[in-house]
Amino acid sequence: MTFTLNRRGLALAALAGATLAGTAKAEGTSAADLVRLSRQRRDPDVVLPLWPGTPPGGEGLAVKDLVIDHGPVGGPPDRSADGVAMPTLAFFRSASPGPRATILVIPGGGYTNVWFDKEGYEIARWLNTTGVHAAVLTYRLPAEGWKNGPDVPLQDAQRAMRLLRHKAKTWAVDGGRIGIIGFSAGGHLAASLLTRHDAAVYQPVDEADTLPAGPQLACLAYPVISMDESLTHAGSRQHLLGNAPTAAQVTAYSPDQTVRAGTCPTFLFHAADDGAVPVGNSLAMFQALRRQNVATEMHIFESGGHGFALREIPGRPAEPWPDLYHRWLGRHGFV
């Protein structure tokens with residue numbers, strides 16, 4: 001297999017330790033069954049506003065919550081939040097007893113919206129079947145007029161992690177086993193949380209904000225990583241940083257440029273033919289993590305395009321990703 005990479009010079013030899021996955025079928029539950037399970041119409045157990053009042057930087061702002069269902073009549077919902085005035089944390093409790101590992105699910109949407117069914121609720125329902133709690137973050141969009149717009153999604157991600165730890169006893173969450181999984185632009189937000197979980201991007205509002213925001217494990221699914229024009233997803237960059245970001249902003253908001261030693265173990269997957277978010281984003285993050293000796297696993301599937309989540313994997317090269325990810329969670333003590 002030949003990789004044609006951009007001027008960063010990411011070479012195939014740098015992928016030592018990563019898995020180049022073909023068309024092997026996942027073991028265990030079939031992909032079709034995963035899709036069926038994930039589409040069962042089960043509402044969250046709790047939907048909690050992230051902030052006790054107006055979110056940071058929203059004073060005088062007239063943003064309205066707007067949800068659009070793109071799904072066919074009579075079919076599974078396929079909703080996106082196209083305006084987010086009040087970000088939320090939707091908690092899905094596993095049926096397994098006792099304090100459980102929990103995954104914060106961060107859907108994508110190019111920082112223009114948040115696709116909380118396909119890359120949110122459906123992922124959470126599947127995680128519940130593995131014995132893991134899940135919580136879906138519907139985060140604010142940075143181009144809707146919030147003060148300090150580029151940090152608005154990270155404010156919400158940090159707050160979500162802190163609330164999960166604050167609610168640990170009430171929700172039977174094991175506060176020492178909280179991970180994240182982010183898709184597309186949600187992968188950029190998850191990667192930003194990896195590298196900037198302790199950045200002071202908002203003023204504390206209550207005792208929950210005394211708790212750490214860092215995850216113990218991370219999964220980045222076909223993620224936007226770089227803000228460099230040669231590699232980025234143009235829409236995500238424009239909505240996050242505007243039309244003319246400075247060189248300093250491009251570096252600061254590219255998680256591959258800010259990875260530190262001690263970052264938690266990270267799992268990545270991407271399709272080689274992704275026409276929206278170039279696979280070089282995952283390759284760049286993999287290299288950056290390995291340079292800091294972070295435990296990292298990556299799977300590049302031959303084809304699959306962008307945004308496949310669970311819905312579009314049956315019979316396709318990316319079909320094994322849920323099983324691969326589940327095994328990885330097990331190796332790290334989450335299941």
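Engineer: Which parts of the structure should I look at to understand the overall build of the chain?
Structural biologist: A count of helical and extended segments in the chain gives nine helices and eleven strands. Looking at the chain as a whole, 57% of its 335 residues are labelled buried. Looking at the chain alone, contacts between residues at least 24 apart form 80% of all its contacts between residues at least 6 apart. Accessible surface, the chain: about 13100 Å² in total, of which carbon and sulfur atoms supply 51%.

Engineer: Would you take a moment to explain the confidence of the model for the chain for this structure?
Structural biologist: Detail in the predicted coordinates should be disregarded across regions flagged by low pLDDT. On average, residues of the chain score 90 in pLDDT, and 88% of them reach the 70 mark or higher. Low pLDDT, under 50, characterises residues 1–27; the predicted model gives this stretch 52 contacts beyond four residues in sequence or across chains.

Engineer: Could you clarify how one ought to interpret the pattern of salt bridges in this entry?
Structural biologist: Opposite charge on two side chains makes pairing possible when the charged atoms of those side chains draw close. Following the criterion strictly, the structure yields 14 salt bridges and no others. In this structure, Arg196 engages Asp151 in a salt bridge whose closest nitrogen and oxygen atoms are separated by 3.1 Å. Of the two residues, Arg196 is situated in helix α5 (residues 185–196) and Asp151 in the loop between β7 (133–138) and α3 (152–166); the sequence distance between them amounts to 45 residues. By relative accessible area, which is 18% here, Arg196 ends up buried.

Engineer: Which parts of the structure should I look at to understand the packing of aromatic side chains?
Structural biologist: Pairs of aromatic rings are described using the distance from one ring centre to the other and the angle between the two planes. Under the defined criterion, the tally for this structure stands at 18 aromatic pairs. Summarising the aromatic geometry, the rings of Tyr325 and Trp328 are spaced 6.2 Å apart at their centres and angled 25° between planes, so their arrangement reads as stacked. Of the two residues, Tyr325 and Trp328 are both situated in helix α9 (residues 321–331); the distance of three residues between them amounts to about one turn of the helix. The exposure classification of Tyr325 matches that of Trp328, with both residues buried. Grouped by ring-pair contacts, the aromatic residues Trp126, Phe183, Tyr222, Phe267, Phe269, Phe308, Trp321, Tyr325 and Trp328 constitute a single cluster.

Engineer: I keep staring at helix α6 (residues 234–241) and nothing clicks. Help me out?
Structural biologist: Because an α-helix completes one turn every 3.6 residues, residues spaced three or four positions apart along the sequence face the same direction. Looking at α6, one finds that the buried residues are Ser236, Arg237, Leu240 and Leu241. Here the buried residues of α6 occupy an arc of 95° about the axis, which is enough to place them on one side. A positive backbone phi angle near 90° is found at Gly242, which sits one or two residues after α6.

Engineer: Explanation requested: the packing of α3 against α5 in the structure shown.
Structural biologist: Packed helices, taken two at a time, are described by the angle their axes make and the gap between the axes. Across the interface, α3 lies against α5 with an axial gap of 10 Å and an inter-helix angle of 70°. In terms of axis orientation, α3 runs roughly perpendicular to α5. The two elements α3 and α5 cross, and the hand of that crossing is right-handed. From α3, Pro153, Leu154, Ala157, Gln158 and Met161 reach across to α5, where they touch Leu189, Ser192, Leu193 and Arg196. Partitioning the contact of α3 with α5 into residue classes produces six nonpolar, two polar and one charged.

Engineer: Got a minute to help me understand the nonpolar core in this structure?
Structural biologist: Within soluble globular proteins, side chains that are nonpolar tend to cluster in buried spots. With 92 residues, the main nonpolar core has Leu104, Phe269, Trp321 and Tyr325 as its most contacted residues. Every residue in contact with Phe269, bar those within four places of it in the chain, is listed here: Phe183, Cys219, Leu220, Ala221, Tyr222, Pro223, Ser282, His299, Phe301, Phe308 and Trp321.

Engineer: What should I look at first to understand the environment of Arg93 in this one?
Structural biologist: Of note, Arg93 is situated in the loop between β5 (88–92) and β6 (100–106). Each C-alpha atom, one on Arg93 and one on Thr129, is 10.0 Å from the other, the two residues being 36 residues apart in sequence. Apart from residues lying up to four places away in sequence, Arg93 is in contact with Arg42, Asp45, Asn128, His133, Thr170, Trp171 and Ala172. There is a polar contact of 3.1 Å between the side chain of Arg93 and the backbone oxygen of Trp171.

Engineer: Just to check I follow, could you spell out unusual backbone geometry for this structure?
Structural biologist: Phi is mostly negative for residues that are not glycine, and the peptide bonds are mostly trans. Positive phi outside glycine occurs at Asn148, with the angle close to 55°. Among the secondary structure elements, Asn148 is positioned in the loop between β7 and α3. Positive phi outside glycine occurs at Ser184, with the angle close to 55°. One can find Ser184 in the loop between β8 (173–183) and α5. Residue Ser184 is classed as buried on the basis of its relative accessible area of 8%.

Engineer: Please clarify how the pairing of β8 should be interpreted in this entry.
Structural biologist: Looking along a regular strand, one sees side chains alternate from face to face of the sheet. As paired elements, β6 and β8 share six bridges and run parallel to each other. The residue bridging Thr102 from the neighbouring strand is Ile178, located in β8. Alignment of β8 against strand β9 (residues 217–221), held across five bridges, turns out to be parallel. Note that in β9 the partner of Ile180 across the bridge is Ala218. Handedness of the crossover joining β8 and β9 through α5: right-handed.

Cut-offs applied
Residues numbered from 1 in each chain as written. Predicted model: local features only at pLDDT ≥ 70, side-chain atom pairs only at ≥ 80, totals over all residues. Heavy atoms only, no water. Helix = DSSP H or I, 4+ residues; strand = E, 2+ residues; numbered from the N terminus. Buried < 20%, exposed > 50% of the residue type's maximum accessible area, 1.4 Å probe, protein only. Contact = heavy atoms within 4.5 Å. Areas by Shrake-Rupley, 256 points an atom, 1.4 Å probe, with all protein chains shown as cover. pLDDT = per-residue confidence, 0-100. Salt bridge = Lys/Arg side-chain N within 4 Å of Asp/Glu carboxyl O. Phe/Tyr/Trp six-rings, centres within 6.5 Å; stacked < 30°, edge-to-face > 60°. Arc of directions from axis to C-beta. Axes fitted to C-alpha atoms, helices over the stretch in contact; angles between N-to-C directions. Parallel < 35°, antiparallel > 145°, perpendicular 65-115°, else oblique. Left-handed = near helix turned anticlockwise from the far one by under 90°. Nonpolar A, V, L, I, M, F, W, Y, C, P; charged D, E, K, R; others polar. Core = buried A, V, L, I, M, F, W, Y, C linked by side-chain atoms within 4.5 Å. Polar contact = N/O pair within 3.5 Å; in protein donor to acceptor, adjacent residues only side chain to side chain. Pairing = 2+ DSSP bridges. Right-handed = clockwise from strand over helix to strand, strands pointing away.

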